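# Descriptive analysis of the structure
What follows is the residue order along each chain.
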Amino acid sequence: MTNREQTGMAQTVLGLIRPEELGPTTTHEHLLIDFKVMYHPPAEATDLHKSLQPVSLENLAWVRYDQFRSRDNMEILDEELAISEALLFKRHGGKTIVDATTIGIGRDPLALARISRATGLNVIMGAGYYVGAAHPDGMDEKTAEEIGAQIVGELTIGVGDTGVKAGIIGELGCSWPLDDNERKVLIGGALAQRKTGAPILIHPGRNPQAPFEILDVLEAAGADIGRVIMGHLDRTVFDDGLLLELANRGPYLEYDLWGWETSFYPLGDVDIPTDAQRIAWVKMLIDAGYGERIVLAHDVFAKTRLVAYGGFGMGHILENIVPRMRQKGISESDIDNMLVRNPARILAFT
């Protein structure tokens, strides 16, 4: 496939489509994921025993309070379960899911294609690598140019011998501070963007300065910052002034933890906000003139985020959040921007 064929089109796991066909889009999910790299076993024997049990109604509250201490919670491997959860998104009007699973956390191109066929949903697959802790052996020897060439291949030829092509670079996983291999992946992603015109999706480190450091690295490598989605802002940047400073740098701003209402966050010294706070931040950004740079998602990465395990699932934004946004004075045009027009713009190759 040539870049000329991709230009102006969005690339799903089943092929190229026009951006206007994407419809309501969630820009950061994991239909299938092997997230054991994020499993944090408790030190105490009794809690360790709990952590090795399957997620069930009996332990759901314990697991939900700290999602990373349950091993079973870190795996969504059942294709039929993924199909049923994706159909809940479709039932509420959704049309496109960006699956942000990259190398190191169980990306499965052929399964994503089967899920797309089974549900009738557009699925856009990510290219590249997750955080350094999930990197495969041999990353120390890879150069940024080699990583970039690999990503270009995933976007233009397909992943391995599957023939299934990625449609976005990322989520590129970053820690705080960046490690050397994560920095190489960012540079490789920038090089791949320059060759293909694909968008880049970022998983920033858990520090308010992390998004700025990442943008600096990408910019120095020649990336188009206006074609970058900065994810996980709702666990990273809490100061309005800093948020506006980030918005002014030009990336797309992704609020992607909708439905995560448990304030305890075991991975950093922050409190996870509520959906009400997320709505307030989104409205502040819209009022400041950034309504055409916001995208939304749930980042379903664990069983407890699924409806089948007591979570809100991938239909939550469309079912519950959009009506609340209307109540808070966010216009239909701005809602349409965040769910339809903005994703269509960023997901189309340039």
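These remarks concern the structure in this document. Everything quoted here is computed from the prediction, not taken from an experiment. (Residues numbered from 1 in each chain as written. Predicted model: local features only at pLDDT ≥ 70, side-chain atom pairs only at ≥ 80, totals over all residues. Heavy atoms only, no water.)

### Quick notes on the pairing of strand S9 (residues 200-203)
Here S9 shows no split at all, with Ile200 and Ile202 on one side and Leu201 and His203 on the other all buried. For strand S8 (residues 168-173) and S9, the ladder comprises 3 bridges, and the chain directions are parallel. Bridging across to S9, Gly173 finds its partner in His203. Once you follow S8 into helix H7 (residues 180-196) and on to S9, the crossover reads as right-handed. Relative to strand S10 (residues 228-230), S9 is paired through 3 bridges, and the arrangement is parallel. Within the sheet, the bridge partner assigned to Leu201 lies in S10 and is Ile229. In this view, the connection linking S9 to its parallel neighbour S10 by way of helix H8 (residues 210-220) has right-handed handedness. (Buried < 20%, exposed > 50% of the residue type's maximum accessible area, 1.4 Å probe, protein only. Helix = DSSP H or I, 4+ residues; strand = E, 2+ residues; numbered from the N terminus. Pairing = 2+ DSSP bridges. Right-handed = clockwise from strand over helix to strand, strands pointing away.)

### Here's the deal with the packing of helix H9 (residues 240-249) against helix H10 (residues 275-287)
The relative placement of two packed helices comes down to the angle between their axes together with the axis-to-axis distance. It is the contact of H9 with H10, at a shortest axis distance of 11 Å, that shows an interaxial angle of 55°. On the basis of their axis angle, the class for H9 and H10 is oblique. Note that H9 runs across H10; the crossing there is right-handed. Within the contact between the two elements, H9 uses Asp240, Leu243, Leu244 and Ala247 and H10 uses Trp281, Met284 and Leu285. Partitioning the contact of H9 with H10 into residue classes produces 6 nonpolar, no polar and 1 charged. (Axes fitted to C-alpha atoms, helices over the stretch in contact; angles between N-to-C directions. Parallel < 35°, antiparallel > 145°, perpendicular 65-115°, else oblique. Left-handed = near helix turned anticlockwise from the far one by under 90°. Contact = heavy atoms within 4.5 Å. Nonpolar A, V, L, I, M, F, W, Y, C, P; charged D, E, K, R; others polar.)

### A short note on the sheet that holds S8
Pairing within the open sheet is parallel, and its 8 strands lie in the order S3-S6-S7-S8-S9-S10-S11-S12. With partners counted over all chains shown, the strands left at the sheet margins are strand S3 (25-29) and strand S12 (294-296), one partner each. Taken over all neighbouring pairs, the strand axes of this sheet differ in orientation by 25° on average, direction set aside. Seen against the sheet, H8 touches S9 and S10 and runs at an angle of roughly 165° to S10.

Keep in mind these numbers describe shape, not what the thing actually does.
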